[in-house]
Amino acid sequence: MTTFPYGPVELHTEAPVATVRLCDEAGSNRFTPELRAGLIAALRAAGADPAVRAVVLEGAPGVFSAGGTTERMLGTHEQRVVELWEMMRAIADCPVPVIAAVQGHALGGGLLLALYCDVAVLSERSRYAMNFLAFGFTSILGASHLVPAAFGRPLGTEMLYTSRSYTGRELRDRGAGMKVTAPESVAVEAHRMALQVAQAPRPALELMKSQLVRTLLADAEAALEREIPDHEETVRGEEARRRIRGLHGQRLAGPAGGRAGDGRGAAA
């Protein structure tokens, strides 16, 4: 096995599977400039290795990612949209399938990061939320398409409107199609799936991914174009800025099922 650090992101390669791990647990794997740059670099390096036929994207046991930082959410369009879209695109642009091992909480943009992977494995006990509206602004990064597409329209729409958090077990019981398993089994299941994927020849995997991603990106990019004007109008409003400053620094704590923006949740 070879390991390379990319700032707060590590790349472990044990062909035919590479593991990209988000390691900033103290910062809840929020989208700092360092984490964003490290993730993009690690994914590109994994995809460029001809011996790699599948990638597993992991977070920390307690948190996969809590999404954007306060500075990014209050920042420019370039910081909030352009740079983060490049990060989501890095997953789609990886030439081989990427499987998300979402053992810990994934909130807002952090959950989108998992949903842009080709497959996601969730934990029964971790919390998952689309909490843009809790912070006073509308969704971005193609979430208005991707969330209903991933979870089904009734549940996905509910997630976007209510901003509440759901345990993986609840999502499974509500009909979410992705694999949900015990916390200690998430990484094991993701790697098992990656090895199964990696049985196929790399050229065939690349072609299969290209076919699937083409449709995903077309729909997500169309949604993003529709989202941008409303997002820019709402995120710049005084109410959104007050909520971001007041709610965003709260710890990842509190009972699952609580509202993600009620002071117990975390980032969009």
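Notes on the structure in this doc start here.

Calculation rules
Residues numbered from 1 in each chain as written. Predicted model: local features only at pLDDT ≥ 70, side-chain atom pairs only at ≥ 80, totals over all residues. Heavy atoms only, no water. Helix = DSSP H or I, 4+ residues; strand = E, 2+ residues; numbered from the N terminus. Buried < 20%, exposed > 50% of the residue type's maximum accessible area, 1.4 Å probe, protein only. Contact = heavy atoms within 4.5 Å. Areas by Shrake-Rupley, 256 points an atom, 1.4 Å probe, with all protein chains shown as cover. Lys, Arg positive; Asp, Glu negative; His and termini not counted. Charge placed at Lys NZ, Arg CZ, Asp CG, Glu CD. Pairing = 2+ DSSP bridges. Expected span 1.5 Å × (residues − 1).

### A word on the overall build of the chain
Counting its secondary structure elements, the chain contains ten helices and eleven strands. The principal-axis extents of the C-alpha atoms in the chain amount to approximately 50 × 35 × 35 Å. Each of the 268 residues in the chain was classed as buried or not, and the buried ones make up 54%. In the chain, 73% of the contacts between residues at least 6 apart in sequence involve partners at least 24 apart. When the accessible surface of the chain is totalled, it reaches about 11,000 Å², and 53% of it is carbon and sulfur. Between the centroid of the 29 positive side chains of the chain and the centroid of its 30 negative side chains there is a distance of 4 Å.

### A look at unusual backbone geometry
The omega torsion across Ala15 and Pro16 is 15°, close enough to zero to call that bond cis. Locating Pro16 in the fold gives a position in the loop between β2 (9–14) and β3 (17–22). The backbone phi angle of Ser28 is positive, close to 55°, even though this residue is not glycine. Its location among the elements puts Ser28 in the loop between β3 and α1 (33–48). You can call Ser28 buried: its relative accessible area is 12%. Residues other than glycine seldom take positive phi values, yet Asn29 does so here, at roughly 50°. Mapping Asn29 onto the fold places it in the loop between β3 and α1. Residue class for Asn29 comes out buried when judged on its relative accessible area of 0%.

### What to know about the pairing of β2
Across five bridges, the pairing between strand β1 (residues 2–6) and β2 is antiparallel. Considered in β2, the bridge of Thr2 is made with Thr13. What sits between β1 and β2 in their antiparallel hairpin is a turn of two residues, with Gly7 showing a positive phi close to 65°. Of the strand pairs in this sheet, β2 and β3 are connected by six bridges, and their pairing is antiparallel. In the sheet register, His12 faces β3, and the bridge partner there is Thr19.

### Concerning α1
A rise of 1.5 Å per residue sets the reference length of α1, with its 16 residues, at 22 Å; its end C-alpha atoms lie 23 Å apart and thus fit the reference within 8%. Residues of α1 that are buried include every one of Leu35, Arg36, Gly38, Leu39, Ile40, Ala42, Leu43, Ala46 and Gly47, and no others.

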